[in-house]
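# Geometric and topological summary
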Amino acid sequence: MTIWQDLLDKAQSVQNRQIAELFEKENRAAGFSRESGPFLFDFSKTNIDAETLDLLVKLVEEKEVAARAEAMFSGAKINETEGRAVLHTALRNLDTDVFVDGENVMPEVRATYARMVDFARDVREGKFTGQGGAITDVVNIGIGGSDLGPAMATLALAPYHDGPRCHFVSNVDGAHIHDTLADLDPETTLVIVASKTFTTIETMTNAETAKRWMAAKVADPAQQFAALSTSAEKTAAFGIDASRVFGFADWVGGRYSMWGPIGLSLMIAIGPEDFADFLKGAAVMDAHFRAAPYAENLPVLLALVGIWHNQFCDYATRAVLPYDQRLARLPAYLQQLEMESNGKRVSMDGKDLPYDSGPVVWGEPGTNGQHAFYQLIHQGTRVIPCEFMVAAEGHEPDLAHQHLLLVANCLAQSEALMRGRSLDEATAIMRKKGLDGAELDRQARHRVFPGSRPSTTLLYPKLTPEVFGGIVALYEHRVFVEGVILGINSFDQWGVELGKELALALAPVLSGEDSGEGKDGSTRQLVARIHALRG
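Throughout, residues of each chain are indexed from 1 in the direction in which the sequence is written. Selection of residues for local features in this predicted model requires a pLDDT of at least 70, selection of side-chain atom pairs for listing and counting requires 80 or more, and totals for whole chains, interfaces and linings are taken over all residues. As a convention, hydrogens and water are excluded, and side-chain values are obtained from all of the structure's heavy atoms.

## A few points about the nonpolar core
In this structure, Leu 190 and Phe 468 are the most contacted members of the largest nonpolar core, which totals 115 residues. A run of DSSP states H or I qualifies as a helix once it reaches four residues; a run of E qualifies as a strand once it reaches two. Both are numbered from the N-terminal end. The biggest single contributor to this core is helix H19 (residues 465–486), with 13 residues. Look past the residues within four positions of Phe 468 in its chain and what remains in contact with it is Met 152, Ala 153, Ala 156, Leu 157, Phe 278, Leu 327 and Leu 463. Residues grouped as a nonpolar core are buried Ala, Val, Leu, Ile, Met, Phe, Trp, Tyr and Cys residues, joined through side-chain atoms within 4.5 Å. The cut-offs for exposure are 20% and 50% of the maximum accessible area for each residue type, with area from a 1.4 Å probe on protein chains only; residues under the lower value are buried, those over the upper are exposed, and the others partly exposed. By size, the runner-up hydrophobic cluster in this structure holds 20 residues, among which are Met 204, Val 218, Phe 238 and Ile 240. What makes two residues a contact is simply this: any of their non-hydrogen atoms within 4.5 Å.

Here it is in structure tokens:
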């Protein structure tokens, strides 16, 4: 019997067991919670028992996750399909030398970071100005990881935002950049173009639009542009001075990139000091991930809960539910992190996977979600594991009573998902309302909650830059561990490419330059209707 088969058998054997039954044993909560730094991770409201946890830990040992992690941290080319190292961790562990192909990559990382700090300070202090005065607004133009990370982080750390206002444009839909620029002053706006190759079609289309918008008001719009790119030739051709170009190596993947130059807009917003704390929080989580035993390791345990639910219990989706309005973009960020990393169908050796890969990740902040989709989570026919996260304290002391209500809702939801409500309990409630007979039974059944819906809770003191950095790094390493267990490459994204290629081929068809012959009937019909509608 393999460990994998043992876990499948275990999942089958406990599928009808109520999670609440596990709390009949003493110290269930303490036994299935772990702490590290500011974090308490509680996974006691899942159907994982001691035997299951032991098997899951053995699975991690069998897959040699620690060795794979050390290969990543040390600069080995673990992204095998692209022949690249995976070193986003080097961007936040600035005191440690790392070698790739025998070359120490850290002097360049540190030099770029120092340039970012100088530029951010110059913008914040008014030493770098627009052609109409001090910079009041920063527009970051990117897409995917070049947008989701800094956009999510800038919102998350709003209480620390004391620099110019930050705006983010990603969609090639002209409405996005039009509406973003509409109320800004071209003379006091800095535009940051985030594209490693400076060829990403959505990003460069938006960049050209922003340049034209600025040119209508200022003499030299390129003076108010910065670039996050490795292409010195293309950024120079755009007119951006080399002093405002911040490059990064090919071993930094887009969805893992906000720790370096892609985080420039965040650094300008919150300042280099708080940005350094953000990096520190991630570095502390890195150290915990590398050193803690598997059974005490937060990223490993978070990954194992995910693997248990998805691969063994066959729960195909995962809801991320931060009870923090400032983490409103975190579910979307984690959606990309998980689904672009682990949404694969073949293993590292190119063979078809014998099991499902990553889950569908989605979510919204509480308490809004409670009045939207929690109905399905509580009473729907599919089980959706939930991942709650909440701070013990908010940033608004005069609104502490509201934060307590927020926390109460978070804890109540996880309790309700686990406990549910039996038919007997529902019947008693409706009987007190004066119902009897068939109507009593009918109304009671509508109020039954099956319960035993699994959830985890990540609790932390307050959403500071350091805590936030730790949260993001926690989920990064969780995705890494899941990928190693599944035997896939979490660091390429070939599934993004086909649509890009077809879009480029369709552009001349839509403009009328190409007949579109050879396209399928549906596509030809849609193109014809678009032409007709546009006259």
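Next comes the rest of the write-up.
## Some points on the pairing of strand S14 (residues 455–460)
Where a strand is regular, its side chains alternate between the two sheet faces. In terms of residue burial, S14 counts as a mostly covered element, since five of its six residues are buried. Paired strands, as defined in this entry, are two strands with at least two bridges between them according to DSSP. When strand S2 (residues 39–42) meets S14, the two strands line up antiparallel, connected through three bridges. Looking across to S14, one finds that Asp 42 is bridged to Thr 457. Where strand S13 (residues 386–391) lies against S14, six bridges are found, and the strand directions are parallel. Looking across to S14, one finds that Cys 386 is bridged to Ser 455.

## Here we look at the sheet that holds strand S10 (residues 225–228)
Strand order in the open sheet formed by four strands is S8-S7-S9-S10, and the pairing between neighbours is parallel. At either margin of the open sheet sits one strand with a lone partner, and together these are strand S8 (165–169) and S10. Neighbour-to-neighbour, the strand axes of the sheet open up by a mean angle of 20°, direction not taken into account. Two elements, strand S9 (residues 189–194) and S10, share four bridges in a ladder whose sense is parallel. Bridge pairing in S10 links Val 191 to Phe 225. Helix H7 (residues 145–156) contacts strand S7 (137–141), S8 and S9 of the sheet and is inclined by roughly 150° relative to S8. Every axis in this analysis is a line fitted to C-alpha atoms, fitted for helices over the stretch in contact. Angles between the N-to-C directions lie between 0 and 180 degrees. Packed onto the sheet, helix H9 (residues 201–215) meets S7, S8, S9 and S10 and runs at close to 160° relative to S9.

## Quick word on the pattern of salt bridges
Salt bridge, as used here, is a side-chain nitrogen of Lys or Arg placed within 4 Å of a carboxyl oxygen of Asp or Glu. If you walk through the whole model with that rule in mind, you get 31 salt bridges. Here Arg 478 makes a salt bridge to Glu 482, at a shortest N to O gap of 2.9 Å. Of this pair, Arg 478 and Glu 482 both sit in helix H19, four residues apart, roughly one helical turn. By the burial criterion, Arg 478 is buried, and Glu 482 matches it.

## Here's the deal with the packing of helix H14 (residues 330–342) against H19
Where H14 contacts H19, the axes come no closer than 10 Å and their chain directions differ by 25°. Between H14 and H19, the angle is such that the two are roughly parallel. H19 is crossed by H14, and the crossing has right-handed handedness. Here H14 contributes Leu 330, Tyr 333, Leu 334, Leu 337, Glu 338, Ser 341 and Asn 342 to the contact with H19, which in turn contributes Ile 471, Val 472, Tyr 475, Glu 476, Arg 478, Val 479, Glu 482 and Gly 483. The residue inventory of the contact of H14 with H19, partitioned by class, reads eight nonpolar, three polar and four charged. Oblique is the label for any angle not covered by the other classes, which are roughly parallel (under 35 degrees), roughly antiparallel (over 145) and roughly perpendicular (65 to 115). For any helix crossing, the convention is left-handed if the near helix is rotated counterclockwise from the far helix by under a right angle, and right-handed if that rotation is clockwise. When residue character is reported, Ala, Val, Leu, Ile, Met, Phe, Trp, Tyr, Cys and Pro are called nonpolar, Asp, Glu, Lys and Arg charged, and the others, Gly included, polar.

## Notes on the pairing of strand S11 (residues 317–323)
For S11, the buried fraction is high: six of the seven residues fall into the buried class. Relative to strand S12 (residues 360–362), S11 runs parallel, the two being bridged by three bridges. Bridged to Arg 318 within S12 is Val 361. Crossovers are marked right-handed if the path from the first strand over the helix to the second runs clockwise, as seen with the strands pointing away from the viewer. Following the backbone out of S11, through H14 and into the adjacent parallel S12, one traces a crossover that is right-handed. Relative to S13, S11 is paired through five bridges, and the arrangement is parallel. Bridging from a neighbouring strand, Ala 319 pairs with Cys 386 of S13.

## Side note on the side chain of Ser 231
Considering the arrangement of structural elements, one finds Ser 231 in the loop between S10 and helix H10 (232–238). A relative accessible area of 12% places Ser 231 in the buried class. Here a polar contact is recorded for every N or O atom pair within 3.5 Å, except that within protein the pair must consist of a potential hydrogen donor and a potential acceptor, and residues adjacent in sequence are included only if both atoms are side-chain atoms. At 3.2 Å, the side chain of Ser 231 and the backbone nitrogen of Lys 234 are in polar contact. Here Ser 231 is in contact with Lys 196, Thr 197 and Phe 198, once residues within four sequence places are set aside.

## Some points on the environment of Ser 341
As for its placement among the helices and strands, Ser 341 is situated in helix H14. In this structure, the C-alpha to C-alpha distance between Ser 341 and Ser 490, residues 149 residues apart in sequence, is 4.3 Å. If we ignore the near neighbours within four places in the chain, the residues touching Ser 341 are Arg 255, Tyr 256, Gln 336, Val 479, Asn 489 and Ser 490. Polar side-chain contacts of Ser 341 include one of 2.7 Å to the side chain of Arg 255.

## A word on the sheet that holds strand S1 (residues 33–36)
Strand order in this open sheet of six strands is S1-S2-S14-S13-S11-S12, and the pairing throughout is mixed. The sheet is open, and its two edges are formed by S1 and S12, each paired on a single side. Pairwise comparison of adjacent strand axes, ignoring direction, gives a mean angle of 15° for this sheet. Alignment of S1 against S2, held across four bridges, turns out to be antiparallel. Across the sheet, Ser 33 pairs through a bridge with Asp 42, a residue of S2.

Any link to function would need more than the numbers given here.
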